[in-house]
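Next come the chains, spelled out residue by residue.
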Amino acid sequence: MEIMENRNLKSGLKIGVIGLGLIGGSVLKSLNNLGYYVVGISKSSHIEASKFCAKASPYIKDVKNCDVVFVCSKMSETLSVLKELENIVFPDCIVTDVCSLKRFVNFDADGKRFERPYKFIGSHPMAGTEFSGFEHSFAGLFSGAKWILNEENEILENLIKDMGAKPVLMDAKDHDKFACLISHLPMLISTALMKTASKDSGALKIASSGFRDTTRLSLTDFNLAYDMLDLNSDNFDILIKEFVQNLQELKNMSKEELKDTFFELQKIRKSMYDENGKNKLV
């Protein structure tokens, strides 16, 4: 894993953003605030988005003359959007997605890399909230966040840094394993805890901040949660077994073993984040 070096921004770019939910809307608002010419594409949010960008449209063809296109559609729709763009954008257009999984946008079911008539670079901003929709998007979402790139590209790196994020180079296979461990599995655990507690109304009545924070990811959009489980099932199978094993080990530890384990894990956890809650490890 490599944090990419700082480079000067390119100017005069025309940027398209397809799909204006939380991530796409935040990309649009961020780049528009920075003075870029941004075209937003959304069938449901283009009217609202027109207040925040140079042009908003419900038609994907309107990204034709863009230099860079961010595909921020639902994960289940991303491959079809990338296919449609093959007949719209020019060969030198840089196209990136923001899906939380990377193998399926880079490789087909047989493991062969997709050949596309434009410059495609898989990416994933490690930022978000439990909310969805354009109305919850905001320009500062990516400030201080890591942004995964499957390949280096100076123009795209500079746009990401201009939005306040830190580009990180990582291949698709490693990304999907790591994303399952630190994002997708926590969502499943959060939901499982909520499912368990929901059967006891007395417990819910006395639940406070610890339960609130631990179950926050159970508010994840259903479609996104399903796509995570469906498209990353091999990593889930491995990591669920490892997690359950760790639960059993913790439960069966002696008092001294448990104390030592708690202290060691707390030391690691405290070293990870700064005072603003941003991951400071590189």
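No experiment lies behind these values; they were computed from the predicted model shown.

Undergrad: Looking at this model, I keep getting lost on the sheet that holds strand 5 (residues 68–71). Mind explaining?
TA: Backbone hydrogen bonds are what pair the strands of a sheet, in a parallel or an antiparallel way. With parallel pairing, the six strands of this open sheet are ordered in space as 4-3-2-5-6-7. Single-partner strands in this sheet number two, and they are strand 4 (55–57) and strand 7 (119–121). Each neighbouring strand pair of the sheet contributes to a mean axis angle of 20 degrees, computed without reference to strand direction. In this sheet, strand 5 lies alongside strand 2 (residues 14–18) in parallel orientation, the contact comprising four bridges. From the neighbouring strand, Gly16 faces strand 5, where its bridge partner is Val69.

Undergrad: What exactly am I supposed to notice about the nonpolar core here?
TA: Side chains that are nonpolar tend, in soluble globular proteins, to be buried together. Counting residues in hydrophobic clusters, the biggest one holds 29 residues, and the most contacted among them are Ile15, Val27, Leu31, Phe70, Phe142, Trp147 and Leu159. Elements with a minimum of two residues in this core: strand 2, helix 1 (22–33), strand 5, strand 9 (146–149) and helix 5 (154–162). For this core, the leading source of residues is helix 1, giving five residues. With 25 residues, the next largest nonpolar core counts Ile18, Leu82, Leu85 and Val95 among its residues.

Undergrad: Is there a simple way to explain the state of the cysteines in this structure?
TA: Scanning all chains against the criterion turns up zero disulfides. Cysteine Cys66 is unpaired, with the sulfur of Cys93 as its nearest cysteine sulfur at 6.8 Å. Free cysteine: Cys99, not disulfide-bonded; nearest cysteine sulfur from Cys72 at 8.9 Å. On the basis of relative accessible area, Cys99 is assigned to the buried category, the value being 4%.

Undergrad: Sorry if this is basic, but what is going on with the side chain of Thr78 here?
TA: You can see Thr78 is positioned in helix 3 (residues 75–85). You can call Thr78 buried: its relative accessible area is 0%. In contact with Thr78, other than residues within four places in its own chain, are Val71, Ser73, Asp97, Cys99 and Val105.

Undergrad: Whenever I open this one, the pairing of strand 5 confuses me. Can you help?
TA: Side-chain direction in a regular strand flips from residue to residue, so the side chains alternate between the two faces of the sheet. The alternating pattern of strand 5 places Val68 and Phe70 on one face and Val69 and Val71 on the opposite face, and all of these are buried. Bridge count for strand 5 against strand 6 (residues 94–97) is four bridges, and the pairing is parallel. Residue pairing in the sheet places Val68 in a bridge with Ile94 of strand 6. Each parallel crossover has a hand, and for strand 5 linked through helix 3 to strand 6 it is right-handed.

Undergrad: Where do I start with the side chain of Thr96 in this structure?
TA: Relative to the helices and strands, Thr96 resides in strand 6. Separated by 2.6 Å, the side chain of Thr96 and the backbone oxygen of Ile121 make a polar contact. Apart from the residues within four sequence positions on either side, Thr96 is in contact with Val69, Phe70, Val71, Phe120, Ile121, Gly122, Ser123 and Leu156.

Undergrad: Could you clarify how one ought to interpret helix 1 in this entry?
TA: Note on helix geometry: an α-helix contains 3.6 residues per turn, so any two residues three or four positions apart are oriented the same way. For helix 1, with twelve residues, the first-to-last C-alpha span of 16 Å sits near the 16 Å given by 1.5 Å per residue. Counting buried positions along helix 1 yields ten of twelve residues, so the element is predominantly enclosed. Looking only at helix 1, the buried set comprises Leu22, Ile23, Gly24, Gly25, Ser26, Val27, Leu28, Lys29, Ser30 and Leu31. One or two steps after helix 1, the chain reaches Gly35, where phi turns positive at roughly 95 degrees.

Undergrad: I would appreciate a short explanation of the packing of aromatic side chains in the present structure.
TA: Given two aromatic rings, their pairing is described by the distance between the two centres and the angle made by the two planes. Applying the stated rule across the entire model yields four aromatic pairs. On the numbers, 5.7 Å between centres and 65 degrees between planes, the contact of Phe52 with Phe134 is edge-to-face. Note that Phe52 is positioned in the loop between helix 2 (46–49) and strand 4 and Phe134 in the loop between strand 8 (123–125) and strand 9, a separation of 82 residues in sequence. Lys29 extends its terminal NZ or CZ atom over the ring of Phe134, reaching a point 4.4 Å from the ring centre. The ring of Phe120 is capped by Arg116, whose NZ or CZ atom sits 4.5 Å from the centre of that ring.

Cut-off values and rules
Here the residue numbering is sequential within each chain, running from 1 through the sequence in written order. pLDDT decides what is reported in this predicted model: residues at 70 or higher carry local features, side-chain atom pairs at 80 or more are listed and counted, and totals for whole chains, interfaces and linings draw on all residues regardless. In computing side-chain properties, one takes all heavy atoms of the structure into account and sets aside hydrogens as well as water. Note: two strands are recorded as paired if DSSP finds a minimum of 2 bridges between them. Segments assigned H or I by DSSP are reported as helices when at least four residues long, segments assigned E as strands when at least two residues long, and all are numbered from the N terminus. Comment: axis = line fitted to C-alpha atoms, over the contacting stretch for helices; angle = value between 0 and 180 degrees taken between N-to-C directions. Definition used in this section: a nonpolar core is a set of buried Ala, Val, Leu, Ile, Met, Phe, Trp, Tyr and Cys residues joined via side-chain atoms within 4.5 Å. When accessible area is computed with a 1.4 Å probe and restricted to protein chains, residues below 20% of their type maximum are described as buried, those above 50% as exposed, and intermediate ones as partly exposed. By definition, disulfides here are pairs of cysteine sulfur atoms that lie within 2.5 Å. Residue contacts are counted whenever heavy atoms from the two residues lie within 4.5 Å of one another. Crossover handedness is defined by viewing with both strands directed away from the observer: a clockwise path from the first strand over the helix to the second marks the crossover as right-handed. The term polar contact refers here to a pair of N or O atoms within 3.5 Å; inside protein, the definition further demands a hydrogen-donor-capable atom paired with an acceptor-capable atom, and it admits residues adjacent in sequence only when both atoms are side-chain atoms. Expected helix span is taken as 1.5 Å per residue step, with the number of steps being one fewer than the number of residues. Any pair of Phe, Tyr and Trp rings, taking the six-membered ring for Trp, is counted once the centres come within 6.5 Å. Such a pair is stacked with planes under 30 degrees apart, edge-to-face with planes over 60 apart, and tilted for the rest. Put simply, a charge is over a ring when the Lys NZ or the Arg CZ is close to the ring centre, within 6 Å, and near the line of the ring normal, within 35 degrees.

Any link to function would need more than the numbers given here.
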